[in-house]
Amino acid sequence: MKNTPVLTIRDLHQYFEQGTINETHALQGINLTITEGEFVTIIGGNGAGKSTLLNSIAGTLPIDTGQIVLDGKDITYDSVTKRARWIARVFQDPKMGTAQRLSVAENMALAAKRGEHHSLFRFGTPRSARPRFQAALKRLNLGLEDRLDTEIGLLSGGQRQAITLLMATLQKPEMLLLDEHTAALDPKTSATVLHLTEQLVNEEDLTALMITHNMQDAIKYGNRLLMLDHGKIVVDIAGEEKKHLTVPQLLDLFNKASQEELTDDELLLSADK
Amino acid sequence: MDILLSSISQGLIWSIMAIGVYLTFRILDIADMTAEGAFPLGAAFAASLIANHANPWLATLVGMLGGMAAGLVSGLLYTRLRIPALLTGILTLTGLYSINLRIMGKANIALLNQTTVFSAFAQFSSTMQVIIVGALLVAVIMVLLVLFFNTEMGLAARAVGDNPDMSAANGVHVANMQIVIYMISNGLIALAGALMAQSNGYADISMGVGTIVIALAAIIIGEVLVRNLTLGKRILTIIIGAIIYRLIIALVLWAGVDPNDLRLFYAALLTVLLAVPLMRQLTKQYNRRRANRIHIKSLNAQAAKEDKAK
Ligand SMILES: Nc1ncnc2c1ncn2[C@@H]1O[C@H](COP(=O)(O)OP(=O)(O)O)[C@@H](O)[C@H]1O
Ligand SMILES: [Mg+2]
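As named in an unreviewed UniProt entry, chain B is ABC transporter, permease protein, taken from Schleiferilactobacillus harbinensis DSM 16991. In its Subcellular location (unreviewed entry) section, the UniProt record describing chain B reads: "Cell membrane".

An unreviewed UniProt entry annotates chain A as ABC transporter ATP-binding protein originating from Schleiferilactobacillus harbinensis DSM 16991.

Next comes the structure, spelled out in structure tokens:
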């Protein structure tokens, strides 16, 4: 089971506005293998290419060069819709992950069928599914178990983000992608959602990629850490070494690995925390 | 009483169109101009078939299927060729003009003394016939739509309307769902056209002009009456909206407005209706500010009193 590669990325390049004066070489030859059960945190300065990497895996960005293999299947040219069978995703903006005007139960029902055929001959939100949704909501401890029929757009960002996270795991994904999914939340809610993330990943034995701009969180959570800089993976630490990592060490690693001194204010700021 | 009954009969037929327009307008957030071509398309199919003594129900069904085909075309242009929604509608609408002429063979087909879907209730007055058939059809449509939007596919379609990115990330075939909505919408619109031709006793090549404005007005009257409803109840308010709209038109005509000026009136009325939410907001703001002015005045008076006391 362990050490089976789930995701293999080979020589992935992404360009924006190629051939123009504004050309950005956002990913510059990413090679990465992620094995089953790995919970990978990804850090890097603004514009390092973190989101571009996740978007490439999820399929929202067409691949310029390179190959992406998931569970032995070449998904390089598969659509977002097709990849949804194997990949679940939580966006940074809480509004992005749910359908505002649908109820909590309807959103969950949709996610519970992620990647499956949407039949014309079955009810979308069957009564029989409600106990399961209720039980799932109950563990959030946000009092949401009684609000199955509430329009989800009426809930707070934190509540919605917690539900989106639950939704991503109602149907176990081969790969869970989290792109700064707590960045839009206040510190307390952010901590709650991060804690829930860890719980779900552990309980469901998920393989996950989590982008964060907080070095502390990157060290605290997960069992492997990647640092991206200018479209390249410059740090890749796992196991015991990752467990005992400190923020100063991480900064040091970054400075050694990248051509230039760390000047990114955001990265320094979040290291202070 | 006559005006009321005839408004109800016309309103029922218009409500079928309005329900169709509602699906693209509120679920996909598109004002789909295909409607103005699908409406006469349904009428053209139904009238030319009925004029050739076809079964009127079959003729009506063919009209509806024609509308679904028109919706398919617009849906494909919009999703596969990524043509902006407004242009998509105009393209299909323009093409349909020629197609409708081809189907009818001339600009106008009269249906005097032909057997129509309303003939089944020949024992009633012509107005009552339309009310009976219209009410039955509207009821069936409402039940079917509510059922559809509660299936897995219908849920996926609603999600696409709300958040296409999230839907795709959950494995929904976004383009397919949009096409499905386009097809149901224009099928209903063409059905309304087919019924209108039979109720009026003729199909005319230009009968679609301005119809989307009528349909939108019916929808908005319904929404102004009651806000935020589930689909089933929303359909009910659209039906009521369509009937109210016909009543207003009947009263306007009764008051002596030249029928040639009607379309100007349609446009003006819809403009007013579309401005209602803003009016409500402004009224609220006005009232709040007035209350606040009084509040501030009393604060000033209080402060003045304290000054004197010192
Ligand atoms: N849609 C886009 N169009 C043009 N440039 C983009 C686009 N998305 C990202 N970029 C550029 O690609 C680089 C990587 O961006 P991104 O992956 O979003 O960084 P990160 O998530 O690490 O902050 C940046 O230089 C950014 O400006
Ligand atoms: Mg980013």
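Text resumes after the structure shown.
Residue and element names in this part refer to chain A. The sheet built from 6 strands is open, its strands ordered β6-β7-β8-β3-β9-β10 with mixed pairing. Among the strands making up the open sheet, the edge pair consists of β6 (87-90) and β10 (232-238). The mean angle between the axes of side-by-side strands here comes to 20°, regardless of whether they run parallel or antiparallel. Where β6 meets strand β7 (residues 175-179), 4 bridges bridge the pair, whose relative direction is parallel. When the sheet's bridge partners are listed, valine 90 is paired in β7 with leucine 178. Along the sheet, helix α1 (residues 50-58) makes contact with β3 (39-44), β6, β7, β8 (208-211) and β9 (224-229), crossing β7 at roughly 145°. Packed on one face of the sheet, helix α9 (residues 247-257) meets β3, β9 and β10 and runs near 40° to β9.

Attention now goes to the domain arrangement of chain B. Residue and element names in this part refer to chain B. Domain boundaries in chain B define domain 1 (2-256) and domain 2 (261-310). Just the C-alpha atoms count here: the centres of domain 1 and domain 2 sit 39 Å apart. With 17 residues of domain 1 at the interface, the matching set in domain 2 holds 11 residues. For the pair domain 1 and domain 2, the summed buried surface comes to about 1,200 Å²; carbon and sulfur atoms form 78% of the total.

What follows deals with the site of ligand 1. Residue and element names in this part refer to chain A. Near ligand 1 you find Phe16, Glu17, Thr24, Ala26, Gly45, Asn46, Gly47, Ala48, Gly49, Lys50, Ser51 and Thr52, and these make up its full shell. Note that an oxygen atom of ligand 1 is positioned 3.2 Å from one of the backbone N or O atoms of alanine 48. Contact with the protein chains covers 61% of the free accessible surface of ligand 1, which is 560 Å². Going through the elements one at a time, β2 (24-35) and α1 are the ones with two or more residues in the shell around ligand 1. Among the elements that make up the shell around ligand 1, the one with the highest residue count is α1 (3 residues). Across the shell around ligand 1, the residue classes tally to 3 nonpolar, 7 polar and 2 charged.

All names here are of chain A. Of note, glutamate 180 is situated in the loop between β7 and α6 (187-203). Despite its burial, glutamate 180 remains without a salt bridge, the nearest opposite charge being carried by lysine 50 at 4.6 Å. Filtering out sequence-adjacent residues up to four positions away, glutamate 180 remains in contact with Lys50, Gln92, Ile211, Thr212 and His213.

Glancing now at helix α6 (residues 152-162) of chain B. Most of α6(B) sits out of view: 11 of its 11 residues are buried. Those residues of α6(B) lying buried are B:Glu152, B:Met153, B:Gly154, B:Leu155, B:Ala156, B:Ala157, B:Arg158, B:Ala159, B:Val160, B:Gly161 and B:Asp162. Buried residues belonging to α6(B) abut α3 (104-112) of chain A together with α1 (2-27), α5 (126-149), α7 (164-169) and α8 (174-200) of chain B.

Okay, the environment of B:Gly154 next. Residues and elements named next belong to chain B. Mapped onto the secondary structure, glycine 154 falls in helix α6. As a C-alpha pair, glycine 154 and valine 180 span 26 residues in sequence and 9.6 Å in three-dimensional space. Ignoring anything within four residues of it in the chain, the contact list for glycine 154 reads Phe148 and Phe149.

Another point: the packing of aromatic side chains. All names here are of chain B. For the coordinates displayed, the defined rule picks out 4 aromatic pairs over all chains. Ring centres 5.3 Å apart and planes at 10° place the aromatic pair tryptophan 14 and phenylalanine 39 in the stacked group. In this pair, tryptophan 14 is assigned in helix α1 and phenylalanine 39 in helix α2 (residues 35-51), connecting sequence segments 25 residues apart. Both residues of the pair, tryptophan 14 and phenylalanine 39, count as buried.

Next up on the list: the interface of chain A and chain B. Each partner contributes to the interface: chain A provides 30 residues, whereas chain B provides 23 residues. For chain A, the biggest contributors to the area lost against chain B are A:Thr81, A:Leu110 and A:His118; these three give 27% of the whole. Along the contact surface separating chain A from chain B lie 4 salt bridges. The interface formed by chain A and chain B includes 15 residue pairs in polar contact (both at pLDDT 80 or more). Where the side of chain A that touches chain B is concerned, the elements lending two or more residues are α2 (80-83) and α3 of chain A. The biggest single contributor to the side of chain A that touches chain B is α3(A), with 5 residues. For the side of chain A that touches chain B, the per-class residue count stands at 13 nonpolar, 11 polar and 6 charged.

Moving on to the environment of A:Thr52. Residues and elements named next belong to chain A. Structurally, threonine 52 can be placed in helix α1. Threonine 52 gets classed as buried once you look at its relative accessible area, which sits at 10%. Linking threonine 52 and glycine 143, residues 91 residues apart in sequence, is a C-alpha distance of 35 Å. In this structure threonine 52 touches Gln14, Phe16, Ala26, Leu27 and Leu61, once residues within four positions along its chain are discounted.

Bringing the confidence of the model for chain B into the picture now. All names here are of chain B. Of all residues in chain B, 100% have pLDDT values of 70 or greater, and the mean over the chain is 94. Taking the mean pLDDT of every element in chain B, the minimum, 92, falls on helix α11 (residues 262-309) and the maximum, 98, on helix α3 (residues 56-79). Across the interface, the model reports ipTM at 0.90; the global pTM reads 0.90.

A cluster of nonpolar residues, A:Phe123, B:Val140, B:Val143, B:Leu144 and B:Leu147, forms a patch on the protein surface that exposes about 480 Å² of accessible area. Summarising the element assignment, B:Leu147 is placed in helix α5.

Quick notes on the rules
- Residues numbered from 1 in each chain as written.
- Chains lettered and ligands numbered in written order.
- Predicted model: local features only at pLDDT ≥ 70, side-chain atom pairs only at ≥ 80, totals over all residues.
- Heavy atoms only, no water.
- UniProt positions renumbered as here; feature names shortened; annotations may be inferred.
- Pairing = 2+ DSSP bridges.
- Helix = DSSP H or I, 4+ residues; strand = E, 2+ residues; numbered from the N terminus.
- Axes fitted to C-alpha atoms, helices over the stretch in contact; angles between N-to-C directions.
- Contact = heavy atoms within 4.5 Å.
- Domains from an automatic or database assignment.
- Buried area = accessible area lost by both parts, 1.4 Å probe.
- Near = heavy atom within 4 Å.
- Polar contact = N/O pair within 3.5 Å; in protein donor to acceptor, adjacent residues only side chain to side chain.
- Areas by Shrake-Rupley, 256 points an atom, 1.4 Å probe, with all protein chains shown as cover.
- Nonpolar A, V, L, I, M, F, W, Y, C, P; charged D, E, K, R; others polar.
- Buried < 20%, exposed > 50% of the residue type's maximum accessible area, 1.4 Å probe, protein only.
- Lys, Arg positive; Asp, Glu negative; His and termini not counted.
- Salt bridge = Lys/Arg side-chain N within 4 Å of Asp/Glu carboxyl O.
- Phe/Tyr/Trp six-rings, centres within 6.5 Å; stacked < 30°, edge-to-face > 60°.
- pLDDT = per-residue confidence, 0-100.
- Patch = residues over 30% accessible without salt bridge, like charges linked within 9 Å, V, L, I, M, F, W, Y side chains within 5 Å.

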